[in-house]
Structure formats: structure tokens, C-alpha cells
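# Coordinate inspection notes
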Amino acid sequence: AVAGVAVLGSIVNGQLSVALAHRLHQLGIPQSFISLVLTAVTTGTFTTKAAKAISHSNHGLQEIVNKILDAAQGAATHGIDLALYTAGALMAASAVVAVVTMRRRAQRPEL
């Protein structure tokens, strides 16, 4: 179970990083800022000082920050969706293996 959680967590984290970096690149965000955003999103190090600076900044910057936040939410959603689909597929495969194993055991004659 622990290994499964670790694998699913790495899927979410990997998809979050890759999808977010791709989307930020599409938005035209410079690579140096993409690295900062990825670090903030994956480690949760967005400070209150940064939040205050953004709230008091001009409309253009707030628009860019909103696009970045939307991209981060979309990437996280995609990663979680992929992890849940993977978990569901593994559960279905486990159920099939269990049913096949039980049928073979039930069909085997007793010694």
C-alpha cells in the first residue's frame, strides 16, 4: 500500500511539474520565472510578502498571476485525474487476477 501511494504521488507530482511548465511556456512566461513558479507550487513556498506585493501591483501583473494560478490548478487536476485513473485500472486488474485465481482453485479437485 505504501509503495502504491508513493507511485501515485510521484505521478501527480510529475504531471504537475511537466504540465505546468508546458502551459507556462505557452503563456510566454520566461524560463527563470517558470522555475520560480514550479518551486513555489511544488514546495508551497509562496510567501505572504509575495501575495501582498501582487495584490498591490498593477492590473497587468495580476492578470499574469491569475493565468499562472489557472495553469497550476489545471496541471494539478490533470495529475490527480491521471493518478485516479491509474489506481482504478490497477484495482480492476487486481480484481480480474483475484477472480481468475479463485476459479482455478475452485475447479481443482481436492486431494
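Worth saying up front: this structure is predicted, and the values here are computed from it rather than measured. (Residues numbered from 1 in each chain as written. Predicted model: local features only at pLDDT ≥ 70, side-chain atom pairs only at ≥ 80, totals over all residues. Heavy atoms only, no water.)

## A short note on the packing of helix H1 (residues 2-26) against helix H2 (residues 31-43)
The axes of two packed helices give the description: the angle between them and the distance between them. Here is the rule we go by: Axes here mean lines fitted to C-alpha atoms, for a helix over just the part in contact, with angles spanning 0 to 180 degrees between N-to-C directions. The secondary structure listing takes helices from DSSP runs of H or I that are at least 4 residues long and strands from runs of E that are at least 2 residues long, numbered from the N terminus. An angle below 35 degrees is treated as roughly parallel, one above 145 as roughly antiparallel, one from 65 to 115 as roughly perpendicular, and anything else as oblique. Take the far helix as your reference; a near helix turned counterclockwise from it by less than a right angle gives a left-handed crossing, and one turned clockwise gives a right-handed crossing. Two residues qualify as a contact provided that any one of their heavy atoms is within 4.5 Å of a heavy atom in the partner residue. Amino acid classes used here: Ala, Val, Leu, Ile, Met, Phe, Trp, Tyr, Cys and Pro are nonpolar; Asp, Glu, Lys and Arg are charged; the rest, including Gly, are polar.
Where H1 meets H2, the closest approach of the two axes is 10 Å, and the angle between their N-to-C directions is 150 degrees. If you check the angle between H1 and H2, you find them roughly antiparallel. You can see that H1 and H2 cross each other, and the crossing is right-handed. Each of Asn13, Leu16, Ser17, Leu20, Ala21, Leu24 and His25 in H1 lies in contact with H2, whose residues at this interface are Ile34, Val37, Leu38, Val41 and Thr42. Classifying every residue of the contact of H1 with H2 by side-chain character gives eight nonpolar, four polar and no charged.

## Focus on the nonpolar core
Our working rule: Here the nonpolar core consists of buried residues drawn from Ala, Val, Leu, Ile, Met, Phe, Trp, Tyr and Cys, with membership extended through side-chain atoms lying within 4.5 Å. Exposure classes here rest on a 1.4 Å probe applied to the protein chains alone. A residue is buried below 20% of its type maximum, exposed above 50%, and partly exposed in between.
Formed by Leu16, Leu20, Leu24, Ile29, Ile34, Val37, Leu38, Ile68, Ala71, Ala72 and Ala75, the largest nonpolar core amounts to eleven residues. Of all the secondary structure elements, the ones that give two or more residues to this core are H1, H2 and helix H4 (59-107). When residues of this core are assigned to their parent elements, the largest contribution, four residues, is made by H4. Leave out the neighbours within four places in its chain, and Leu24 touches Ile29, Ile34, Val37, Ile68 and Ala71.

## Details of the packing of H1 against H4
Taken N-terminus to C-terminus, the directions of H1 and H4 make an angle of 145 degrees; their axes are 8 Å apart at the nearest point. For the element pair H1 and H4, the recorded crossing hand is right-handed. Within the contact between the two elements, H1 uses Leu8, Ile11, Val12, Gln15, Leu16, Ala19, Leu20, Arg23 and Leu24 and H4 uses Ile68, Ala71, Ala72, Ala75, Ala76, His78, Gly79, Ile80, Leu82, Ala83, Thr86 and Ala87. Residues belonging to the contact of H1 with H4 are distributed by class as follows: 16 nonpolar, four polar and one charged.

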